[in-house]
Amino acid sequence: MGLLDGKVVIVTGAGRGIGRGEALECAAQGAAVVVGEFDPDAGEAVAKEIIAAGGRAVAVGGDVADAEAANKLVSTAVAEFGQLDALVNNAGILRDKTLAKLTDDDWDAVIRVHLRGHFLPTRAAVQYWKDAKRPGHLVHTASTSGLLGNFGQTNYGAAKAGIAAFSTIVAMEGARGGITSNAIAPTALTRMTLDLMPDEFRAKRDEAIERGEFDFFAPENVAPLVAFLCSDESSHISGKVFGVQGDSVEIFQPFTSVAEITNGGKRWDPAGISGRIDELFTAAGIQAGAENMMARMRYQILAEH
Ligand SMILES: NC(=O)c1ccc[n+]([C@@H]2O[C@H](COP(=O)([O-])OP(=O)(O)OC[C@H]3O[C@@H](n4cnc5c(N)ncnc54)[C@H](O)[C@@H]3O)[C@@H](O)[C@H]2O)c1
């Protein structure tokens, strides 16, 4: 018995990396999987891998930020497997540069693939669930780059923070229909991230894998949480953001107000704020500048470039 027996799941960007792991795990848990992927060969290979292992899968090519391709993911799930139960929005790209060097195209491409690429398949899935009067589960892919910030990633971080906000609002709108919406912020070594690592780190990791040690950064480590969030076992969880890597699952606290100052029923004047603003930092235990070693390091890098 698998957690997803009889269910149908779409995973976008499932041809490699984290999405591939998610597609394989959902299939191993009993789901029929629609493998959405821009690169047709990679998508077909994953679908074949699932079928060879005794599962059910179909590859759907196309750009997830294109409405026709996004709608096709849902229509294929229904045509091939009779229904849709969960959508995992995973497809993504990077175009890292510091802001001053970022081109219009670097900005537009990243915002398009991530935000539009989350919006379109989600809208198609939600429309299907509303029309069919069925519940459904959505898993979106945010990133710590958006939640915490990361040097050189204004475009990517803005898109990923936007995805966390998108997920929260979809959760509010879906609640009455039994539609859950959660976001993950994964970390794994994939085509997207492996090249960013120093050679020494990669060599040590390869040696550890050869010794049979747990590979903390394997993309497949993200998949069990995602398969769970696609299942009815998670129906009571919605509007949440989870960190996931290695054997670790975290919960992020949402943006929330933690302190307040008021001006005795009168509009503030700017000079008055100057004299009172530190009350907020003191009450909240938040520093006006970089708050910890990692943040200080990031600001330092920024100052030097
Ligand atoms: N790897 C990490 O540490 C990490 C960290 C935080 C977030 N993420 C996010 O996880 C997701 C998966 O990343 P990954 O590391 O597995 O990357 P990856 O490059 O290994 O895989 C991404 C897949 O998405 C596909 N894809 C890209 N654009 C597409 C489009 N427009 N339409 C359809 N498919 C498309 C690619 O062809 C590729 O197969 C991304 O959203 C990424 O931003 C990854």
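These numbers were taken from a predicted model, which means no experiment stands behind them. (Residues numbered from 1 in each chain as written. Predicted model: local features only at pLDDT ≥ 70, side-chain atom pairs only at ≥ 80, totals over all residues. Heavy atoms only, no water.)

Peer 1: Before we go on, may I ask you to explain the domain arrangement of the protein in this structure?
Peer 2: Reports often express the size of an interface as the amount of accessible area lost when the parts come together. Considered domain by domain, the protein is made up of domain 1 (8-251) and domain 2 (270-304). Of note, the centres of domain 1 and domain 2, computed from C-alpha atoms alone, are 34 Å apart. (Domains from an automatic or database assignment.)

Peer 1: When you look at the pairing of strand 1 (residues 8-12) in this model, what are you seeing that I'm missing?
Peer 2: Every regular strand shows the same layout, with side chains that alternate between the two sheet faces. Most of strand 1 is tucked away: five of the five residues are buried. When strand 1 meets strand 2 (residues 32-37), the two strands line up parallel, connected through five bridges. By the bridge assignment, Val-8 is partnered in strand 2 with Ala-32. By the bridge criterion, three bridges tie strand 1 to strand 4 (residues 86-89) in an arrangement that is parallel. Of the residues in strand 4, the one forming a bridge with Val-9 is Ala-86. (Buried < 20%, exposed > 50% of the residue type's maximum accessible area, 1.4 Å probe, protein only. Helix = DSSP H or I, 4+ residues; strand = E, 2+ residues; numbered from the N terminus. Pairing = 2+ DSSP bridges.)

Peer 1: Looking at this structure, how should I read helix 2 (residues 40-52)?
Peer 2: Within an α-helix, residues lying three or four positions from one another point in the same direction, as the helix has 3.6 residues per turn. For helix 2, spanning 13 residues, the distance from its first C-alpha to its last is 18 Å, which sits close to the expected 18 Å at 1.5 Å a residue. Ala-42, Gly-43, Val-46, Ala-47 and Ile-50 are the residues of helix 2 that are buried. Taken end-on, helix 2 shows its buried residues confined to a sector of 135 degrees, consistent with a single buried face. Summarising the geometry of helix 2, the exposed residues directed more than 90 degrees from the buried face are Pro-40, Asp-41, Lys-48 and Ala-52. Residues of helix 2 that are buried sit in contact with helix 1 (17-28), strand 2 and strand 3 (57-61). Of the residues trailing helix 2, Gly-54 is marked for its positive phi of about 95 degrees. (Expected span 1.5 Å × (residues − 1). Arc of directions from axis to C-beta. Contact = heavy atoms within 4.5 Å.)

Peer 1: I tried to follow the packing of aromatic side chains on my own but got confused; where do I start?
Peer 2: Given two aromatic rings, their pairing is described by the distance between the two centres and the angle made by the two planes. Under the defined criterion, the tally for this structure stands at two aromatic pairs. Look at Phe-216 and Phe-217: their rings are 5.3 Å apart centre to centre, the planes differ by 75 degrees, and that puts the pair in the edge-to-face class. (Phe/Tyr/Trp six-rings, centres within 6.5 Å; stacked < 30°, edge-to-face > 60°.)

Peer 1: Looking at this structure, I do not really get helix 3 (residues 67-81). What am I missing?
Peer 2: For helix 3, which comprises 15 residues, the first-to-last C-alpha distance of 21 Å matches the rise-based estimate of 21 Å (1.5 Å per residue) to within 8%. Where helix 3 is buried, its residues contact strand 1, strand 2, strand 3 and helix 4 (104-132). Downstream of helix 3 by a residue or two, Gly-82 has a phi angle that is positive, lying close to 85 degrees.

Peer 1: Honestly, the nonpolar core in this entry has me stumped. Any pointers?
Peer 2: The tendency in soluble globular proteins is for nonpolar side chains to be buried side by side. In terms of nonpolar packing, the biggest core is built from 29 residues, with Val-9, Cys-26, Val-33, Ile-50, Ile-184 and Cys-230 touching the most fellow members. Counting only elements with at least two residues in this core, the list comes to strand 1, helix 1, strand 2, helix 2, strand 4, helix 8 (223-229) and strand 7 (241-245). Residues contacting Ile-184, with those up to four places away along its chain left out, are Glu-22, Val-139, His-140, Thr-141, Ala-142, Ser-143, Val-222, Leu-225, Val-226, Leu-229, Phe-242 and Val-244. Judged by nonpolar contacts, the second largest core, of 22 residues, contains Val-34, Val-74, Val-126 and Ile-179. (Core = buried A, V, L, I, M, F, W, Y, C linked by side-chain atoms within 4.5 Å.)

Peer 1: Sorry, what's going on with the pattern of salt bridges here?
Peer 2: Pairing of side chains with opposite charge becomes possible as their charged atoms draw close. Here the structure, examined in full by the defined rule, presents 16 salt bridges. The shortest N-O distance in the salt bridge between Arg-20 and Glu-220 comes to 3.4 Å. Of this pair, Arg-20 sits in helix 1 while Glu-220 sits in the loop between helix 7 (199-210) and helix 8; the two residues are 200 residues apart in sequence, bridging distant segments of the chain. With a relative accessible area of 24%, Arg-20 lands in the partly exposed category. You can call Glu-220 partly exposed: its relative accessible area is 37%. With a closest N to O distance of 2.7 Å, Asp-215 and Arg-205 form a salt bridge. Residue Asp-215 is found in the loop between helix 7 and helix 8, and its partner Arg-205 is found in helix 7; the two are separated by 10 residues along the sequence. Of the two residues, Asp-215 and Arg-205, neither departs from the other in class, the shared state being buried. A cluster of three or more residues bridged by salt bridges with shared partners is formed by Arg-95, Lys-97, Asp-105 and Asp-106. (Salt bridge = Lys/Arg side-chain N within 4 Å of Asp/Glu carboxyl O.)

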